[in-house]
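The residues making up each chain are set out below.
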Amino acid sequence: MSRLSKIGWGLLLVGGILVPSGESLAQSFCTQCLSIRIGRPMVSRGPAGDELDSPYNEIKLTSGQRRGFSSNASSYAVDGTDPWSTGGARRRVLSPGSTGAYNECGQWMNDTEKVASGVHGFIHAERSCDYGVGQTHKSMAYAWSTDEGLSWSVRGQIITGMDAPAAGSITGEGDCTFVDGKDGYFYAYCLRARDWRTIVARAPVSNPGPGNWFKYFNGVWSQPGLGGDATSLGSLGVTAGRWTANGDFLLLVSDKWFGGLKLSFSRDKVNFTTVGEPLVPLDDENWNRPAPTELIAYPSVMNYDDVSNQLGSTFLLTHVYVQPGEGFDKRYLVFRDVSTSVSPSPVTPQVGIALSRWYNASAKDRWTTTAPVVGNFSTYAYDKHLGYVMTKPHPTLPSNKLEDCVSQWPGHPDHLLTNDGTCTSGGYTRLRTAGWLYRDSQPGTLPVYRCYNATDQYHFASNQADCEGLGGAEWLLGYALAQ
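What counts, and where the lines are drawn
- Residues numbered from 1 in each chain as written.
- Predicted model: local features only at pLDDT ≥ 70, side-chain atom pairs only at ≥ 80, totals over all residues.
- Heavy atoms only, no water.
- Phe/Tyr/Trp six-rings, centres within 6.5 Å; stacked < 30°, edge-to-face > 60°.
- Lys NZ or Arg CZ within 6 Å of the ring centre and 35° of its normal.
- Helix = DSSP H or I, 4+ residues; strand = E, 2+ residues; numbered from the N terminus.
- Contact = heavy atoms within 4.5 Å.
- Disulfide = S-S within 2.5 Å.
- Buried < 20%, exposed > 50% of the residue type's maximum accessible area, 1.4 Å probe, protein only.
- Pairing = 2+ DSSP bridges.
- Salt bridge = Lys/Arg side-chain N within 4 Å of Asp/Glu carboxyl O.

### Considerations on the packing of aromatic side chains
The geometry of two aromatic rings is summed up by the distance between their centres and the angle between their planes.
Move 1: Taken as a whole and judged by the stated rule, the model has 23 aromatic pairs.
Move 2: Grouped by ring-pair contacts, the aromatic residues Y185, Y187, Y189, Y216, W221, F249 and F272 constitute a single cluster.
Move 3: In this structure, R90 is placed above the aromatic ring of Y76, and the distance from its NZ or CZ to the ring centre is 3.9 Å.

Here is the structure:
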């Protein structure tokens, strides 16, 4: 996996984020000035049905390898040489608790924080569950490990809601991820089930165990983590990270009403401003699987080195992925490179997502997409980068919406990137919105042609009018961002 960071003229690298020369990030950074490029996706684990049910997180081992934690009622450790090399065998490290206990339905290792003397573990726990009718009661617990996460001493609950279990309902507070604010506190961003809002609590880094967590309520950190009230921060998600350059916190959430993966920033850890464009476009987030649309869930962020959520200008985005038409028995773990830079003034568009081409020689299928490709680097070889597409229409310039489709007829698949609304009329199944292209050429753009190989009968996209000699051009789809 390649890193996408580029340093341009007139920019300085300050604490891992690019800022204009002669200015500090604290003075110059604005949410509207941030440019974000999302790299090609890499499927690194799956299909799985009994894990990948929580934010994926890792620690860096003393050996230099990385150890990830994937959970679904039980929690498992998986090791790899790189953050994304996590497709191997797993080891169970946590199991559900005893009947009647707060963790009787399971213990999900939602987050880990490695320190010199060991590893803090933050566990999402559930009790009183009847998943068939949508019933469970959530809370968070704390654990400690001295063998780099292979065994855990669970010390007890640290965050609970004000409500009690209720028949046919999801109750409690949980699903939290944690971030070291580098101010003496760990911060936990959690989902409150009673109103599906984000709340936050904090505890001293020196002792994040039971009894030391306090929720933010009416301007102060005053309410106890166990049973206290909390101020809603909004529908911002629970995936937390911290910019190392200026200390800003970020939150991520998959939000179909927003149009995809939503990113928000805060300087004071409680008041957030949202980037106006999704990181990844998304048509729906249907949890009733199987469904005709894909599902992106449980995002997390980590840096390349120690795999913590202390982030610089480039970092890794991970999420759980379910393909269109498939169920939760086939979950995949996806990694993407993220590259950011800050301009001296607002930029449009802010977000671009990589348009990638993959080739399956045996299936005679050349697939052009922004989505994860199951079988990447095995059945499908990475073929080419074709630029970046926008994740929402340009606000002032004409743009073309693209859809990603696949053929319905017998024989080898034909994946088709085409203008929105034309999949089904051509006998294809619509898979997703791929993104938006400029309708007309703009500075710093590349043409994208829809091409067809008549010999092997497959479609693909190309930046060249001659389709690189692989087929013939059918028409110009639009113009992608070159960088």
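We are not done yet, so read on.
### Here's the deal with the environment of F186
Move 1: Note that F186 resides in strand β13 (residues 185-192).
Move 2: F186 sits 19 residues away from A167 along the chain, and the two C-alpha atoms are 33 Å apart.
Move 3: Beyond its immediate stretch of four places on either side in the chain, F186 contacts E113, H120, F122, V179, D180, A201, R202, A203, P204, V205, P208 and W213.

### Overview of the state of the cysteines
Move 1: Evaluated as defined, the whole model comprises five disulfides.
Move 2: C30 shares a disulfide with C33; S-S distance 1.9 Å. Between C30 and C33 the disulfide shows an S-S torsion of about 85°. By sign, it is right-handed.
Move 3: When its relative accessible area of 2% is taken as the criterion, C33 is described as buried.
Move 4: The disulfide that involves C105 links it to C129, with 2.0 Å between the sulfurs. One quick way to see it: the torsion about the S-S bond of C105 and C129 is about -100°, and its sign makes the bridge left-handed. Note that C105 is positioned in the loop between β7 (90-94) and β8 (106-115) and C129 in strand β9 (residues 118-130), a separation of 24 residues in sequence.
Move 5: According to the relative accessible area criterion, C129 is partly exposed, its value standing at 30%.
Move 6: Listing the disulfide partners of the chain by sequence rank of the bonded cysteines yields 1-2, 3-4, 5-6, 7-8, 9-10.

### What about the sheet that holds strand β18 (residues 249-255)?
Hydrogen bonding along the main chain pairs the strands of a sheet, whether they run parallel or antiparallel.
Move 1: Pairing is mixed across the open sheet formed by five strands, whose spatial order is β20-β19-β18-β17-β22. On the outer flanks of this sheet lie β20 (273-274) and β22 (310-311), each paired with one strand and no other.
Move 2: One ladder, built from two bridges, connects strand β17 (residues 239-243) with β22; its direction is parallel. Residue pairing across strands places W243 opposite L311, the latter belonging to β22.

### Considering the pattern of salt bridges
Move 1: Inspection of every chain in the model, using the stated rule, returns 29 salt bridges.
Move 2: R331 is the partner of D53 in a salt bridge, and the nearest nitrogen-oxygen pair spans 3.0 Å. Linking D53 in the loop between β3 (34-48) and β4 (57-60) with R331 in strand β24 (residues 331-342), this pair joins segments that are 278 residues apart in sequence.
Move 3: On the basis of relative accessibility, which here comes to 9%, the residue R331 falls in the buried class.
Move 4: With a closest N to O distance of 2.7 Å, E403 and R430 form a salt bridge. Residue E403 is located in strand β28 (residues 399-407), and its partner R430 is located in strand β30 (residues 428-438); the two are separated by 27 residues in the primary sequence.
Move 5: Each of R357, R366, D383, K384 and E468 takes part in salt bridges that share partners, so that together they form one network.

Worth remembering: the numbers are spatial, not functional.
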